[in-house]
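Below are the chains, spelled out letter by letter.
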2 protein chains.
Amino acid sequence: MTDEAKESYSSLMARSKEMFVLGSANSILYWDMETKMPPAAQAMRGEQLSALELIIHKKLTDPEIDVLLKRCEGDVNAFDQLQRRNLHLLRKSYDENSKIPDQLVTETAMHQSKCNMVWKKAKAARDFKMFRDDLAKMIDLREQAAEILMKVKGTKTPYDALLDQFEPNMTAERIDEVFAELRQGLIKLIGKVDSCGFKPDMSPMSRKVPVEVQKKISLDVMNFIKFDTTSDKAAGRLDETEHPFTTGTFDDVRITTHYYEDRFFSNVFSVMHEGGHALYDQGIPREWMYQPVGTPCSYGIHESQSRFVENIVGRSPEFLNYALPKFRKYSPRSFKGLKNKDIIAAANAVVPSKIRIEADEVTYALHVIIRFEIEKMIFSHKVTADELPQVWNQKYSDYLGVKVEHDGEGVLQDTHWSGGSFGYFPSYALGNIYSGMFLDKMQKDLPQWRKSVRGGDFSPVFGWLRSNVHSKGDLYDPADLVKVVTGKEVSVTPFLKYLDRKMSKIYGF
Amino acid sequence: MTDEAKESYSSLMARSKEMFVLGSANSILYWDMETKMPPAAQAMRGEQLSALELIIHKKLTDPEIDVLLKRCEGDVNAFDQLQRRNLHLLRKSYDENSKIPDQLVTETAMHQSKCNMVWKKAKAARDFKMFRDDLAKMIDLREQAAEILMKVKGTKTPYDALLDQFEPNMTAERIDEVFAELRQGLIKLIGKVDSCGFKPDMSPMSRKVPVEVQKKISLDVMNFIKFDTTSDKAAGRLDETEHPFTTGTFDDVRITTHYYEDRFFSNVFSVMHEGGHALYDQGIPREWMYQPVGTPCSYGIHESQSRFVENIVGRSPEFLNYALPKFRKYSPRSFKGLKNKDIIAAANAVVPSKIRIEADEVTYALHVIIRFEIEKMIFSHKVTADELPQVWNQKYSDYLGVKVEHDGEGVLQDTHWSGGSFGYFPSYALGNIYSGMFLDKMQKDLPQWRKSVRGGDFSPVFGWLRSNVHSKGDLYDPADLVKVVTGKEVSVTPFLKYLDRKMSKIYGF
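Keep in mind that this is a model prediction, so the values were computed, not measured. (Residues numbered from 1 in each chain as written. Chains lettered and ligands numbered in written order. Predicted model: local features only at pLDDT ≥ 70, side-chain atom pairs only at ≥ 80, totals over all residues. Heavy atoms only, no water.)

Enquirer: Can you help me understand the interface of chain A and chain B in this one?
Expert: Interface size, as often reported, equals the accessible area lost upon joining of the parts. With 36 residues of chain A at the contact, the number on the chain B side is 37 residues. Between chain A and chain B the total buried area reaches about 2,800 Å² when both faces are included, carbon and sulfur atoms providing 66% of it. On the chain A side of the interface with chain B, the three residues burying the most area are K36(A), P38(A) and M44(A), jointly 19% of the side's total. For the pair chain A and chain B, the interface holds six salt bridges. With a shortest N-O distance of 2.7 Å, D32(A) and R254(B) are connected by a salt bridge. (Contact = heavy atoms within 4.5 Å. Buried area = accessible area lost by both parts, 1.4 Å probe. Salt bridge = Lys/Arg side-chain N within 4 Å of Asp/Glu carboxyl O.)

Enquirer: Explanation requested: the pairing of strand 3 (residues 252–257) of chain B in the structure shown.
Expert: The side chains of a regular strand alternate, first on one face of the sheet and then on the other. Residue and element names in this part refer to chain B. The buried count for strand 3 comes to six of six residues, which makes it a mostly enclosed element. Because side chains alternate across strand 3, one face comprises the buried residues D252, R254 and T256, and the other comprises V253, I255 and T257, equally buried. Relative to strand 3, strand 1 (residues 236–240) is paired through five bridges, and the arrangement is parallel. Counted as the bridge partner of L238 is I255 from strand 3. In this structure, strand 2 (residues 246–249) lies alongside strand 3, joined through four bridges in antiparallel fashion. The residue of strand 3 that forms the bridge with T246 is I255. (Buried < 20%, exposed > 50% of the residue type's maximum accessible area, 1.4 Å probe, protein only. Helix = DSSP H or I, 4+ residues; strand = E, 2+ residues; numbered from the N terminus. Pairing = 2+ DSSP bridges.)

Enquirer: Looking at this structure, how should I read the sheet that holds strand 2 of chain B?
Expert: Note: strands within a sheet are paired through backbone hydrogen bonds, in either parallel or antiparallel orientation. Residues and elements named next belong to chain B. Spatial ordering of the open sheet is given by 1-3-2, a layout of three strands whose pairing is mixed. Each edge of the open sheet is held by one strand with a lone partner, namely strand 1 and strand 2. With strand direction ignored, the average angle separating the axes of adjacent strands in the sheet is 15 degrees. Against the sheet, helix 1 (residues 3–35) touches strand 1, strand 2 and strand 3, its axis set at about 20 degrees to strand 3. (Axes fitted to C-alpha atoms, helices over the stretch in contact; angles between N-to-C directions.)

Enquirer: I tried to follow the packing of helix 14 (residues 364–379) of chain B against helix 16 (residues 426–445) of chain B on my own but got confused; where do I start?
Expert: To describe two helices that pack against each other, one gives the angle between their axes and the distance between the axes. Residue and element names in this part refer to chain B. Where helix 14 contacts helix 16, the axes come no closer than 8 Å and their chain directions differ by 140 degrees. Comparing the axis directions of helix 14 and helix 16 gives the class oblique. For the element pair helix 14 and helix 16, the recorded crossing hand is left-handed. Contact with helix 14, carried on its side by Y364, A365, V368, F372 and E375, involves P426, Y428, A429 and N432 of helix 16 and no other residues of that element. By residue class, the composition of the contact of helix 14 with helix 16 is seven nonpolar, one polar and one charged. (Parallel < 35°, antiparallel > 145°, perpendicular 65-115°, else oblique. Left-handed = near helix turned anticlockwise from the far one by under 90°. Nonpolar A, V, L, I, M, F, W, Y, C, P; charged D, E, K, R; others polar.)

Enquirer: Where do I start with the sheet that holds strand 2 (residues 246–249) of chain A in this structure?
Expert: Residues and elements named next belong to chain A. The three strands are arranged 1-3-2 in an open sheet whose pairing can be described as mixed. For this open sheet the edge positions go to strand 1 (236–240) and strand 2, each flanked by a neighbour on one side alone. Neighbour to neighbour, the strand axes of the sheet diverge by 15 degrees on average, direction disregarded.

Enquirer: Would you mind showing me how to read the relation of the copies chain A and chain B here?
Expert: Comparison of the two chain copies shows a relationship of rotation about an axis with a shift along it. The transform that puts chain A on chain B rotates by 180 degrees and translates by 0.0 Å along the axis, for an RMSD of 0.0 Å. A rotation of that kind, with that shift, is consistent with a two-fold axis. Of the C-alpha atoms belonging to chain A, the one lying closest to the rotation axis is found on L29(A), 3.8 Å away. Most of the interface of chain A is mirrored in chain B: 100% of its interface residues are interface residues there too. (Least-squares fit on C-alpha atoms with pLDDT ≥ 70 in both.)

Just geometry here; none of it tells us what the structure is for.
Take a look at the structure:
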């Protein structure tokens, strides 16, 4: 390697570290805003976050990065695989960030705040018309960015450029194929569930468990999944917010949950879901810290980890049979007269609903497919903002057989579009699909894993996820990672097989 | 005013805002580190804090600031008093920060971390020798900075330059005069207390109050002093740390306290002390936000506010007679068999001790005077690092009549020197002196203030502090502020008179 390439690479890594460090500082400010900040501090926090974001943006788009990258790219074969990946990721980030005009970046950031505020009001008022104009403007702003990004990234359509920000190298065309198969499989499975004659009694889900007891249970659950928030080496925290989230990396990863006395399992599964994200964030190889490769692979892969822990492990009869006796001990009255079997059936019940975040494991992806189809229509101008509620409600009727009564439970239910995050939704269903593929492979590597979970031991699963997924960081694009881990192309079959197997046992078909 | 001066001033204010915003972000990271951060995150947090500090330092010392300042200074009479103060404060900060070589800044910052770590170990081991070399190096580093700052600031001695960082325009010569008088007055008062024959029973101080009850009481106390942490307009928080502190400005000011079951009043007075700081930080005029003038005046004035609320109000018979019945109601058993009079006497007892932070209101300043005298000796080379324990112990014997048994309770007790904060200590006693002067004036403006406090109403005192002290921000140097508020030069007489009056009632002399 030339000295020039070597020095340029070192300099790029130093810059990468600087950006990561400032980014992680920003995450703390964001976490604080959501969990601890006094309410009066909102405006000051806005100033702090934008000041830091501006500094990071300037560093990301510093033309000197382009100069350094070019020096390395001129001698690219002298670098090893990991270094080349770092160069690739920096190049991608530099090109994408520097090609969007500052004016558009600023205008979008400003409109995000406004649009989000208006969305909240419109949702509360259940009135899409209040949101219509600001949403239309947001679509226009994202479309401007997408047109530019399409050229930079070389994607076929502007929407593909948006998708690529969440799921690198994934295209609407490929998602179309995958989702078509997924939709067909899910609808078939819902049909089996519907026609089998058994309907789980849902009342176990609303048994009251005192919040103080639920807090103890959170600790037990985190202990089970090995997310440490209590020891003197802890690299994690748990706090409370209305909408649970995970933030942080490496030695400082924080999750949140919510407690409702009459929705006990909501907390259990939130902690497992966010815990799954957190384990991934903590599990990136330490020697890659502050390098581009030292980050999670994609939104979809991240979601595969949270869903693996929440659904594949958390909602499994094995975990619940292990954990329920412990929960009973804490609060015998809450579970009096209930058999484990009934609780397990209720926790896995398939009930088509109108709200995505309340959906069960089987119908969930249909909510996502609806959003994906609508986003494609938006960015190919096949639907106007005005028509969105109508299109939304029709699809909910067609795919899930539910009647949306008002916009608040319809097109206004999610925050994503108000922030301009078009292309985000597909990651959720891709997460399901990836998790099924990972399960399929893990099943072969660790045939005894269910037995371990039944005995209260998450270590084999933890170890498998760590060495197969977490430890790969951002070394591959998501479809390539799946191939490296499972040896196969992305396929919905394992996920559908997993659901079918589980539901056939619960519903007895 | 010329357009050039006008534009330069606007540009300086924009830069000022940027630096304040980043500084306030840094405060949140610091607060998080002390209160919420998972222990494993220490190293990452170090990276975040230094990255931000470096960015702020670069902005502070950007030569463009000098250019802009010069343009304004060329037309200085066109600016009003407030604008001229802003220019003065920016000029001071620019000159001081830009004249110290980067090498010295970095070396000092690095040595601070090390020195603080070594100090902790040495204190635990009660062994000054472990700390000696690193302290000597820290003294040397600060001396190098002081030599430079002396020239920039035009002070008479290097130590004066250090003092000026905490108490602008205050000199060792002036402090000498003031402290001589203070020392004499305090020793005379201690003599009266000693010879009066009455010794308060100290057992009320160690009555047990359950921590949960103490938490409720914290809320009551904050409610009394009008530090809002609970409403939907709250601009404050209370958390727990071993060593209480206050951080933040304007809409986001956070205090901490500690709870010990058998040291109930420690929490009450911590909350009042930190609350006094917090009210000041919240009370700077909003229209000065992000301007240099929109900051507290000095460490000494800040301390005058915390001590005013903690001691002058909090330890007054009027406040305690108002609050004790409430405390009793929460936990009757804790105060059983005690008269208010006995509790008030114990809470105000004069007992010479070895530890500054545990000292009473009368002996406290003697601890500070000892440190000031030693710092002067250090920076005039009249004492070597080796001799410090011996000098320390001798002064404690001479001034306070106590025998220091080991370095842990002697020269190693405070963290300040390990961080290089020489010149900081005098602010604590100056705070006492200023608080006495403010009280003297408030007594004239609000002769009924004690009656209000006795009735549970802090508003008149709050209003007086806000309009006389808080609202002045950094418009004046501390001695000038005192003059503006009280019409008088800095004098120890009011503080000594206040103590004498209070102690004569409690001790009956």
